[in-house]
Amino acid sequence: MAVDVATDLQTSIAADLLSDYRDRTERSRALHEAARRVLPGGDTRTIAFHPPYPLTILEGQGCRIVDADGRTYLDFLNNYTSLIHGHGHRAVTDAVTAQLPRGTAFPASHPAQARLGEIMTERVASVDLIRFCNSGTEAVMNAIRAARAFTGRDLIVKMEGGYHGTYDDVEVSVHPDPADPAAGTASSPIGVVGAAGVPANTMANVLVAPFNDIDAVDRLLAERGDEIAAVIVEPVMGAGGMIPAEEPFIEALRVRTIELGCLLIFDEVMSFRLQGGGMQEHYRIRPDLTTFAKIIGGGFPIGAFGGRAAIMEQFDPARRAALSQSGTFNGNVISMVAGIAAMEHYGVVEVGRINRLGDRLRNGFAAAFEQSGVEGTVTGYGSFVGVHLTDRPVRDYRDAATVDDNARRLLHLALLLEGIFCAPRLAWSTSTAMGEAEIDQAILAFRRALSRVRPVLAA
Ligand code: PMP
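Residues numbered from 1 in each chain as written. Predicted model: local features only at pLDDT ≥ 70, side-chain atom pairs only at ≥ 80, totals over all residues. Heavy atoms only, no water.

S.K.: So what exactly am I meant to see when it comes to the pattern of salt bridges here?
M.R.: A side chain with one charge may pair with a side chain of the opposite charge, provided their charged atoms come close. Taken as a whole and assessed by the stated rule, the structure comprises 21 salt bridges. Residue Asp16 pairs with Arg452 through a salt bridge whose shortest N-O separation is 3.5 Å. Separated by 436 residues along the polypeptide, Asp16 in helix α1 (residues 2-24) and Arg452 in helix α15 (residues 436-458) bring together distant segments of the chain. Judged by relative accessible area, Asp16 falls into the partly exposed class, the value being 42%. Across the pair Arg319 and Glu313 runs a salt bridge, and its minimum N-O distance is 3.9 Å. (Salt bridge = Lys/Arg side-chain N within 4 Å of Asp/Glu carboxyl O. Helix = DSSP H or I, 4+ residues; strand = E, 2+ residues; numbered from the N terminus. Buried < 20%, exposed > 50% of the residue type's maximum accessible area, 1.4 Å probe, protein only.)

S.K.: Can you help me understand the site of the ligand in this one?
M.R.: Taken together, Ser135, Gly136, Thr137, Tyr163, His164, Gly165, Glu234, Asp267, Val269, Met270 and Lys294 make up all the residues around the ligand. One of the backbone nitrogen or oxygen atoms of Gly136 is found 2.8 Å away from an oxygen atom of the ligand. In this structure, a nitrogen atom belonging to the ligand sits 2.9 Å away from a side-chain N or O atom of Lys294. Protein chains shield 83% of the accessible area of the ligand, which is 390 Å² for the free molecule. Counted by class, the shell around the ligand contains three nonpolar, five polar and three charged residues. (Near = heavy atom within 4 Å. Polar contact = N/O pair within 3.5 Å; in protein donor to acceptor, adjacent residues only side chain to side chain. Areas by Shrake-Rupley, 256 points an atom, 1.4 Å probe, with all protein chains shown as cover. Nonpolar A, V, L, I, M, F, W, Y, C, P; charged D, E, K, R; others polar.)

S.K.: When you look at the environment of Ala445 in this model, what are you seeing that I'm missing?
M.R.: Checked against the element boundaries, Ala445 lands in helix α15. The class of Ala445 is buried, set by a relative accessible area of 1%. Along the chain, Ala445 and Leu416 lie 29 residues apart, while their C-alpha atoms are 9.5 Å from each other. Excluding anything up to four places from it in sequence, Ala445 contacts Leu415, Glu418 and Ile420. (Contact = heavy atoms within 4.5 Å.)

S.K.: Is there a simple way to think about the sheet that holds strand β16 (residues 427-429) in this case?
M.R.: Strands pair in a sheet through their backbones, by hydrogen bonds, and they do so in one of two ways: parallel or antiparallel. The three strands lie next to each other as β13-β14-β16, forming an open sheet whose pairing is antiparallel. Taken across any chain shown, the strands that pair with only one partner, and hence form the sheet edges, are β13 (377-381) and β16. For this sheet, the mean inter-axis angle between neighbouring strands, taken without regard to orientation, is 20°. Where strand β14 (residues 384-388) lies against β16, three bridges are found, and the strand directions are antiparallel. Within the sheet, the bridge partner assigned to Phe384 lies in β16 and is Ser429. In the packing of helix α12 (residues 348-372) onto the sheet, contacts are made with β13, β14 and β16, and the angle to β13 comes to roughly 175°. (Pairing = 2+ DSSP bridges. Axes fitted to C-alpha atoms, helices over the stretch in contact; angles between N-to-C directions.)

S.K.: I'm lost on the pairing of strand β1 (residues 57-61) in this one. Help?
M.R.: A regular strand places its side chains so that they alternate between the two faces of the sheet. Along β1, only zero of the five residues are buried, which leaves the element largely exposed. Of the pairings in the sheet, the one linking β1 to strand β2 (residues 64-67) comprises four bridges and is antiparallel in character. Residue pairing in the sheet places Glu59 in a bridge with Val66 of β2. The hairpin turn running from β1 into β2, its antiparallel successor, is two residues long, and Gly62 in that turn takes a positive phi close to 60°.

S.K.: Could you clarify how one ought to interpret the packing of helix α7 (residues 214-224) against helix α8 (residues 247-260) in this entry?
M.R.: Describing two packed helices takes the angle between their axes plus the distance from one axis to the other. Interaxial distance between α7 and α8 falls to 10 Å at its minimum, and their mutual angle equals 10°. Our classification of the angle between α7 and α8 gives roughly parallel. Here α7 runs over α8; the crossing is right-handed. Residue-level contacts link Ile214, Val217, Asp218 and Leu221 of α7 to Phe249, Ala252, Leu253, Arg256 and Leu260 of α8. Of the residues contributing to the contact of α7 with α8, the split by class is seven nonpolar, no polar and two charged. (Parallel < 35°, antiparallel > 145°, perpendicular 65-115°, else oblique. Left-handed = near helix turned anticlockwise from the far one by under 90°.)

S.K.: Is there a simple way to think about the confidence of the model for the protein chain in this case?
M.R.: Interpretation of this model should avoid reading the predicted coordinates in detail wherever pLDDT is low. Scored by pLDDT, the protein chain comes out at a mean of 95, with 98% of its residues at no less than 70. Confidence, read as mean pLDDT per element, is least for α1 in the protein chain (79) and greatest for strand β11 (residues 289-293) (99). Overall, residues 1-5 carries pLDDT values under 50, and its contacts beyond four positions in sequence, including any with other chains, amount to zero contacts. (pLDDT = per-residue confidence, 0-100.)

S.K.: Looking at this structure, how should I read the side chain of Asn142?
M.R.: Mapped onto the fold, Asn142 is located in helix α6 (residues 136-151). By relative accessible area, which is 4% here, Asn142 ends up buried. Reaching out from Asn142, the side chain makes a polar contact with the backbone oxygen of Glu138 at a distance of 2.9 Å.

S.K.: Would you explain helix α4 (residues 90-99) in this entry?
M.R.: Given 3.6 residues per helical turn, the α-helix brings residues three or four places apart onto the same face. By the burial criterion, the buried members of α4 are Ala91, Val92, Val96 and Gln99. Around the axis of α4, the buried residues are gathered within 125° of arc, so they sit on the same side. In the core, the buried residues of α4 are packed alongside α11 (333-344). (Arc of directions from axis to C-beta.)

S.K.: Would you mind going over the nonpolar core with me for this structure?
M.R.: Generally speaking, soluble globular proteins have nonpolar side chains that are buried together. Grouped together as the largest cluster of nonpolar side chains are 113 residues, with contacts concentrated most on Phe76, Ile296, Trp428 and Phe446. The greatest single-element share of this core, amounting to ten residues, is contributed by α15. Those residues in contact with Phe76 that sit more than four places away from it in its chain are Leu361, Ile420, Phe421, Cys422, Ala427, Trp428, Ser429, Met434, Glu438, Ile439 and Ala442. (Core = buried A, V, L, I, M, F, W, Y, C linked by side-chain atoms within 4.5 Å.)

Shown next as structure tokens:
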């Protein structure tokens with residue numbers, strides 16, 4: 001009986017939220033319907049979709065974006081953490097508008113490539129040499145290829161729930177159903193291909209380990225260590241729930257990979273923004289290779305991978321049997337000049353400031369959960385914040401994945417109605433375009449959204 005009441009309540013709150021959302025986003029709905037005629041699902045990026053239809057955003061300025069119905073939102077998603085300065089940052093806009101009439105891409109070198117390379121190698125201690133590409137996916141693909149070529153081995157180890165882009169070998173156990181026996185157990189996960197279309201024999205080259213569980217990783221490495229080319233790990237698991245690696249775990253990974261002669265790849269596509277020299281600086285660990293993307297392009301498409309000279313020199317075309325790394329838009333001048341401007345305005349002072357804004361947001365959310373009586377856990381580090389509708393500690397993918405999806409969706413819709421734009425999975429990031437006033441505004445909106453959906457969450 002109690003279940004029926006809860007279900008009725010959930011249904012009526014959901015219906016209420018949906019009808020408010022529809023009322024306020026008529027233009028977005030119409031544009032979505034029109035887009036569906038040419039784009040499957042009305043969009044060209046799966047992650048941007050959420051039921052009943054996503055907003056259409058027409059412009060952004062600083063930390064605010066405006067939808068097709070003229071409504072303004074505080075942007076806590078920042079194009080999935082990539083817009084470190086929010087929208088339309090003056091230095092980035094100036095750099096790009098100065099470059100546009102002078103050419104956008106050349107099949108030749110341009111000094112801006114070496115300049116952005118210099119910025120990155122100066123900031124990240126483990127990176128002697130770096131190469132650019134156009135996305136984090138490509139960065140990961142090239143780093144894995146470099147590791148395989150360098151070690152002469154094929155196997156890679158990735159963490160369950162770790163997202164590294166859409167390259168087949170890492171589309172494995174990205175969001176497996178923890179209840180599915182095919183995915184193994186928490187301490188002994190079995191890798192499952194993450195998407196139809198990824199060849200089943202991908203699993204011959206990929207092993208999956210649980211995040212933050214060094215005993216389990218040890219067991220895996222003991223069995224197959226001498227076949228492993230690389231272990232790839234996010235120092236802070238991003239898409240998997242904004243979960244920082246625990247120090248003993250990440251330190252042990254470094255020690256074990258050295259012992260076994262396999263490479264350690266840090267995927268800092270997301271986490272690079274959290275410290276001046278990336279999260280490897282925070283953990284005081286030197287991976288062999290690191291992948292980057294997102295913030296280093298100043299809002300334009302980019303990816304990069306770099307690391308120890310001996311590994312990266314494999315890409316030197318003057319060498320015999322060099323590794324090839326091509327791409328029509330690699331190092332295109334617009335992404336380079338935008339990236340230079342963005343990085344020049346993101347030094348340790350700015351990193352520290354927006355990390356403290358993240359702390360303020362986390363504390364505010366934690367207090368809101370406590371006072372509302374709704375069970376919630378807030379994760380993250382610095383400018384990354386994750387909200388989980390569970391009172392259990394969230395240390396790995398499975399902890400984050402056991403949350404009621406429906407409740408999370410309702411809270412996301414309620415937040416949109418309060419003028420707050422975050423990821424449907426309730427991931428947040430701060431930007432230099434924000435101050436404490438915007439953080440406090442978001443906390444207030446979060447409290448209101450929470451109280452609107454509380455009857456469902458507490459049920
Ligand atoms: N690695 C990580 C850790 C990521 O978070 C992402 C994207 N969110 C990627 C790789 C892939 O980057 P891109 O979307 O630029 O291909």
